[in-house]
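# Commentary on secondary and tertiary structure
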Amino acid sequence: MISLNFNKDNNKINLKANVCSNDILKNYMDFDYFTGLCKDGCPHYNLSYTCPPNSPKFTDYTKDYDYSLVIAMYMEIDKDQTINDIHPYLRRVLSNLLIPLEKEINGLLTDGGRCRYCESCTYIDNLPCRYPDKIRFSMEAMGIDLDKVCKDILNHSIVWDNNKNSYCTVLGSVNFNDLPDDKIEKILLSLVNSI
Ligand code: SF4
């Protein structure tokens, strides 16, 4: 397990990362159940190329990769803020780490939510994606139980209740093949200092 923290925009951000084989991660997938939750409860359902029902299964998306470097970023929520203030910010910070990390380790990232590359996804206008090479999916949109992954792989709890939250967590990953653990740690350390 890699555990580190860094400062950005006067915020103290914590990061936990761990390598997990995709053979193990696929046991956390219940595609119909979790995409069904999106259908029943998410206002963004079917409004993007990257949201259910348009997202692939985790097992299909990651079929060319043996491992995932699973990453959680989390930071405290001040008393005058809510999780809705912090979550979009932390997602941007996570994406800013995942994009160069994907390149560095020749991998394939899963982001912390739906694609926000464009202000408005062309899916709703029935037009092709503007940047098909940039499309990445989140683990939850591909049917993975994020809560359980976070607890089991990173020993960290995601708390979603706005009233109980004292911190906000975002989760992503980069899929890869062969790479020594010490190299991953070095790459992560250098990237968090440059994002
Ligand atoms: S790149 Fe743009 S058009 Fe393509 S999925 Fe993302 S938001 Fe939608």
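The notes below deal with the structure included here. (Residues numbered from 1 in each chain as written. Predicted model: local features only at pLDDT ≥ 70, side-chain atom pairs only at ≥ 80, totals over all residues.)

### Some details on the overall build of the protein
Note the cut-off: The numbering of helices and of strands both runs from the N terminus, where a helix is a DSSP run of H or I of at least 4 residues and a strand a run of E of at least 2. C-alpha atoms define the radius of gyration in this analysis, and the globule rule sets the expected value at 2.2 Å times the number of residues to the power 0.38.
In terms of regular secondary structure, the protein is built from six helices and five strands. Listed N to C, the secondary structure of the protein is β-β-α-α-α-β-α-β-α-β-α in terms of helices and strands. The C-alpha radius of gyration computed for the protein amounts to 16 Å, which stays within 12% of the reference 16 Å derived for 195 residues, consistent with globular compactness. If one aligns the C-alpha atoms of the protein with their principal axes, the spans along those axes are about 45 × 40 × 30 Å.

### A few points about unusual backbone geometry
For the bond from Pro 52 to Pro 53, the omega torsion is 5°, close enough to zero to count as cis. Within the secondary structure, Pro 53 is located in the loop between helix H2 (31-41) and helix H3 (58-61). Non-glycine residue Asp 9 carries a positive phi angle of around 50°. Relative to the helices and strands, Asp 9 resides in the loop between strand S1 (2-8) and strand S2 (11-21). Located in the positive-phi region is Asn 126, a residue other than glycine, with phi close to 60°. Position of Asn 126 among the secondary structure elements: in the loop between strand S4 (108-110) and helix H5 (146-154).

### A short note on the site of the ligand
What counts, and what does not: Residues are classed as near a molecule or strand if the C-beta position derived from their backbone is within 6 Å of it. When residues are sorted by character, Ala, Val, Leu, Ile, Met, Phe, Trp, Tyr, Cys and Pro go into the nonpolar class, Asp, Glu, Lys and Arg into the charged class, and all the rest, Gly among them, into the polar class.
In the vicinity of the ligand there are 14 residues, among which Cys 115, Tyr 117, Cys 118, Cys 121 and Cys 129 approach most closely. Its residues placed into classes, the shell around the ligand shows nine nonpolar, three polar and two charged.

### With respect to the sheet that holds S4
The strands that make up a sheet pair up through hydrogen bonds in the backbone, lying either parallel or antiparallel. Under the convention used in this document: Criterion used throughout: strands pair if DSSP finds at least two bridges between them. Think of each axis as a best-fit line through the C-alpha atoms, taken over the contacting stretch in the case of a helix, with angles from 0 to 180 degrees between the N-to-C directions. Contacts here follow a simple rule: the backbone-placed C-beta atoms of the two residues must lie within 7 Å.
Spatially, five strands are ordered S1-S2-S3-S5-S4 in an open sheet, and the strand pairing comes out antiparallel. Of all the strands in the sheet, just S1 and S4 have a single pairing partner and so form its edges. Taken pair by pair, the neighbouring strands of this sheet meet at an average axis angle of 25°, ignoring direction. With 10 bridges connecting them, strand S3 (residues 67-76) and strand S5 (residues 167-176) associate as antiparallel partners. Residue pairing for S5: Leu 69 is matched across the bridge by Val 174. Sheet contacts for H5: S2, S3 and S5; angle to S3, the most-contacted strand, approximately 95°. Contacting S1, S2 and S3, helix H6 (residues 181-192) runs over the sheet at an angle of about 10° to S1.

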